[in-house]
Amino acid sequence: MGVSGSGKSSVGAALAQRLRVPFADADDMHPAANIAKMSAGHPLDDHDRHPWLETIGEWLAAHAATGGVISCSALKRKYRDQLRHHAHQVVFLHLHGTREVIAERQASRPGHFMPASLLTSQFATLEPLAPDERGLVIDVAQPVDAIVQEYVDRSAGLRVPAPTAQEK
């Protein structure tokens, strides 16, 4: 999770490869209307995000038994709660960076539908992981391989078993 340009796709793909699980990029799951809105420089609102988050949650649920990694902004707690509704065991990796580092990364990826002009709204919307949310915060001002290794090293205690029939 993280703002646009934080490296979600690159880190997610590398992490999935390291863990030997499937990877999906939530950007590929946006409906055409969302992409058009962002391409025009308009931020998405909660109404725009709801069906997109449902699709992501369904992907997470389908991969719950075997594992998977998906890159998704998941900027607000309520968005992460919507994902957890589908996959209670989800672990978030918040790719954190300063506005300067993120802006530099965004500038290096021409042609992405999310214009750099929306970075301010992304930071304004971002709600960091709360203490009761399962996940890690890792600084993006390091190579992708170092981020993946830090996640692997620190995440062992974050995984939870599937719920019993009584807990569902």
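On a predicted model such as this, the values are computed, not experimentally measured, just so you know.

A.B. asks: Can you help me understand the overall build of the chain in this one?
C.D. replies: On a plain count of helices and strands, the chain comes out with 7 helices and 4 strands. In the chain, the succession of helices and strands from N to C terminus is α-β-α-α-β-α-β-α-α-β-α. Per-residue burial for the chain yields a buried fraction of 43% across its 168 residues. Considering only intrachain contacts with a sequence separation of at least 6, the fraction spanning at least 24 residues in the chain is 73%.

A.B. asks: What is the right way to read the nonpolar core from this model?
C.D. replies: What tends to happen in soluble globular proteins is that the nonpolar side chains get buried as a cluster. Ile 56, Leu 60, Ile 70, Cys 72 and Leu 83 are the most contacted members of the largest nonpolar core, which has 39 residues in total. Residue assignment for this core shows that the elements contributing at least two residues are helix H1 (8–19), helix H3 (46–62), strand E2 (69–71), helix H4 (77–86), strand E3 (92–96), helix H6 (119–125), strand E4 (135–139) and helix H7 (144–154). Considering every element that reaches this core, the biggest residue donor is H3, with 5 residues. With residues up to four places along the chain from it excluded, the contact list for Leu 60 reads Ile 70, Leu 83, Ala 87 and Val 90.

A.B. asks: What is the right way to look at the packing of H1 against H7 in this model?
C.D. replies: A packed helix pair is summarised by two numbers, namely the angle formed by the two axes and the spacing between the axes. The interhelical angle for the contact between H1 and H7, taken along N-to-C directions, is 55°, at an axis separation of 9 Å. Taken together, the axes of H1 and H7 are oblique relative to one another. Considering how the two elements wind past one another, H1 and H7 form a crossing that is right-handed. Along the contact surface, H1 presents Ser 10, Val 11, Ala 14, Leu 15, Arg 18 and Leu 19, while H7 presents Val 144, Ile 147, Val 148, Gln 149, Tyr 151 and Val 152. Looking at side-chain class alone, the contact of H1 with H7 contains 9 nonpolar, 2 polar and 1 charged residues.

A.B. asks: It is not clear to me how the pattern of salt bridges should be interpreted in this structure. Could you clarify?
C.D. replies: Think of it this way: side chains of opposite charge can pair up when their charged atoms draw near. For the structure on display, the rule yields 11 salt bridges. With its nearest N and O atoms 3.8 Å apart, the salt bridge here joins Glu 133 to Arg 77. Note that Glu 133 is positioned in the loop between H6 and E4 and Arg 77 in helix H4, a separation of 56 residues in sequence. Overall, the relative accessible area of 6% leaves Glu 133 in the buried class. Under the relative-accessibility criterion, Arg 77 is labelled partly exposed at 25%. Of the charged contacts in the structure, one is a salt bridge between Arg 154 and Glu 150, with a shortest N-O distance of 2.8 Å. Linking Arg 154 with Glu 150, this pair stays in helix H7, spanning 4 residues, or about one helical turn. If you follow the salt bridges from partner to partner, you end up with Arg 77, Arg 80, Asp 81, Arg 84, Asp 132 and Glu 133 in one network.

A.B. asks: Sorry, what's going on with the confidence of the model for the chain here?
C.D. replies: A low pLDDT score tells you not to read the predicted coordinates there in detail. Averaged over all residues, the pLDDT of the chain equals 88, while 88% of them reach at least 70. Here helix H5 (residues 99–107) stands out as the least confident element of the chain, with mean pLDDT 82; E2 is the most confident, with 98. Contacts of residues 161–168 to residues separated by more than four positions or lying in other chains number 5 contacts, the stretch itself having pLDDT below 50.

A.B. asks: Whenever I open this one, the side chain of Asp 25 confuses me. Can you help?
C.D. replies: With respect to the helices, strands and loops of the structure, Asp 25 is situated in strand E1 (residues 23–25). Buried Asp 25, no salt bridge; nearest opposite-charge side chain is Lys 8, N-O distance 7.5 Å. Within the local environment of Asp 25, its side chain forms a polar contact with the side chain of Ser 9, the two groups lying 2.5 Å apart. Within the local environment of Asp 25, its side chain forms a polar contact with the backbone nitrogen of Asp 27, the two atoms lying 2.9 Å apart. In this view, Asp 25 contacts Ser 9 and Ser 71; residues no more than four positions away in its chain are not counted.

A.B. asks: Help me out: how do you make sense of H1 in this one?
C.D. replies: Because an α-helix packs 3.6 residues into every turn, residues spaced three or four apart end up facing the same way. Its 12 residues place the ends of H1 16 Å apart at the C-alpha level, agreeing with the 16 Å of an ideal helix rising 1.5 Å per residue. Within H1 the residues assigned to the buried category are Lys 8, Val 11, Gly 12, Ala 14, Leu 15 and Ala 16. Among the residues trailing H1, Arg 20 stands out with phi positive, at a value near 60°.

What counts and what doesn't
- Residues numbered from 1 in each chain as written.
- Predicted model: local features only at pLDDT ≥ 70, side-chain atom pairs only at ≥ 80, totals over all residues.
- Heavy atoms only, no water.
- Helix = DSSP H or I, 4+ residues; strand = E, 2+ residues; numbered from the N terminus.
- Buried < 20%, exposed > 50% of the residue type's maximum accessible area, 1.4 Å probe, protein only.
- Contact = heavy atoms within 4.5 Å.
- Core = buried A, V, L, I, M, F, W, Y, C linked by side-chain atoms within 4.5 Å.
- Axes fitted to C-alpha atoms, helices over the stretch in contact; angles between N-to-C directions.
- Parallel < 35°, antiparallel > 145°, perpendicular 65-115°, else oblique.
- Left-handed = near helix turned anticlockwise from the far one by under 90°.
- Nonpolar A, V, L, I, M, F, W, Y, C, P; charged D, E, K, R; others polar.
- Salt bridge = Lys/Arg side-chain N within 4 Å of Asp/Glu carboxyl O.
- pLDDT = per-residue confidence, 0-100.
- Lys, Arg positive; Asp, Glu negative; His and termini not counted.
- Polar contact = N/O pair within 3.5 Å; in protein donor to acceptor, adjacent residues only side chain to side chain.
- Expected span 1.5 Å × (residues − 1).

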